[in-house]
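# Structure assessment
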Amino acid sequence: DYDDSSLASSETAAAAVVAAEEEKEQEVKAEKKKTVKKKVATADSAASSKKKTSTKKKAAAPKGDPVDGSTKVTELKLGARVENSLRQSGISTLSDLCSRRKDDLLTLNGIGPKSLDKIISMVEDLGWSIDQ
């Protein structure tokens with residue numbers, strides 16, 4: 001049998017472990033937030049500088065019917081890596097894509113500032129926009 005002091009000591013130790021785990025989880029969340037903010041700032045900066053200095057021809061809209069919200073992301077020709085990232089995240093249509101915020105897209109595996117800039121450019125060429 002255990003005495004009350006050893007039971008209290010075990011409970012205190014368990015509470016300390018839980019508190020440490022919660023603190024670590026909060027630190028990880030805060031670090032992820034900082035990373036996302038940094039990615040958004042980098043993407044905004046890249047988009048801003050691209051608008052000022054770009055001489056590249058903008059991508060053309062897919063041929064055929066007018067582009068509506070049901071247009072498949074794969075029809076936008078964003079590249080296999082970007083298309084796979086979007087598909088794995090449940091984003092399959094243009095309206096799905098445009099309903100997401102920039103910082104949400106940056107949290108997806110395989111989507112960085114350059115990819116986001118490409119997505120935004122294509123979406124804007126089609127007359128749509130991504131939420132801020």
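Residues numbered from 1 in each chain as written. Predicted model: local features only at pLDDT ≥ 70, side-chain atom pairs only at ≥ 80, totals over all residues. Heavy atoms only, no water.

Inspection of the secondary structure puts Q132 in the segment after α5 (113-125). Sequence separation between Q132 and R101 is 31 residues; the distance between their C-alpha atoms is 5.4 Å. Once residues within four sequence positions are removed from consideration, Q132 is found in contact with R101, K102 and D103. (Helix = DSSP H or I, 4+ residues; strand = E, 2+ residues; numbered from the N terminus. Contact = heavy atoms within 4.5 Å.)

Turning our eyes to something else, we now look at the pattern of salt bridges. Side-chain pairing between opposite charges can occur once the charged atoms of the two side chains come close. All told, the structure shown has 1 salt bridge when counted by the stated rule. The salt bridge partner of D103 is R101, with a shortest N-O separation of 2.6 Å. Looking at D103, the relative accessible area reads 18%, which means it is buried. Judged by relative accessible area, R101 falls into the partly exposed class, the value being 40%. (Salt bridge = Lys/Arg side-chain N within 4 Å of Asp/Glu carboxyl O. Buried < 20%, exposed > 50% of the residue type's maximum accessible area, 1.4 Å probe, protein only.)

Along the chain, the position of R81 falls in helix α2 (residues 80-88). Given a relative accessible area of 52%, R81 falls into the exposed group. Contacts of R81, omitting those with residues within four sequence positions, involve G110 and S115. At 3.2 Å, the side chain of R81 forms a polar contact with the side chain of S115. (Polar contact = N/O pair within 3.5 Å; in protein donor to acceptor, adjacent residues only side chain to side chain.)

In this structure, L78, L86, L97, L105 and I119 are the most contacted members of the largest nonpolar core, which totals 20 residues. Of all the secondary-structure elements, those providing two or more residues to this core are α2, α3 (94-98), α4 (102-106) and α5. Ranked by residue count, the leading element in this core is α5, at 5 residues. When neighbours within four sequence positions are excluded, L78 is seen to be in contact with V73, E83, L86, K118, I119 and M122. (Core = buried A, V, L, I, M, F, W, Y, C linked by side-chain atoms within 4.5 Å.)

All right, on to the environment of L94 then. By the element assignment, L94 lies in helix α3. Those residues in contact with L94, other than ones at most four positions away along the chain, are V67, D68, G69, T71, V73, L76, V123, L126 and W128.

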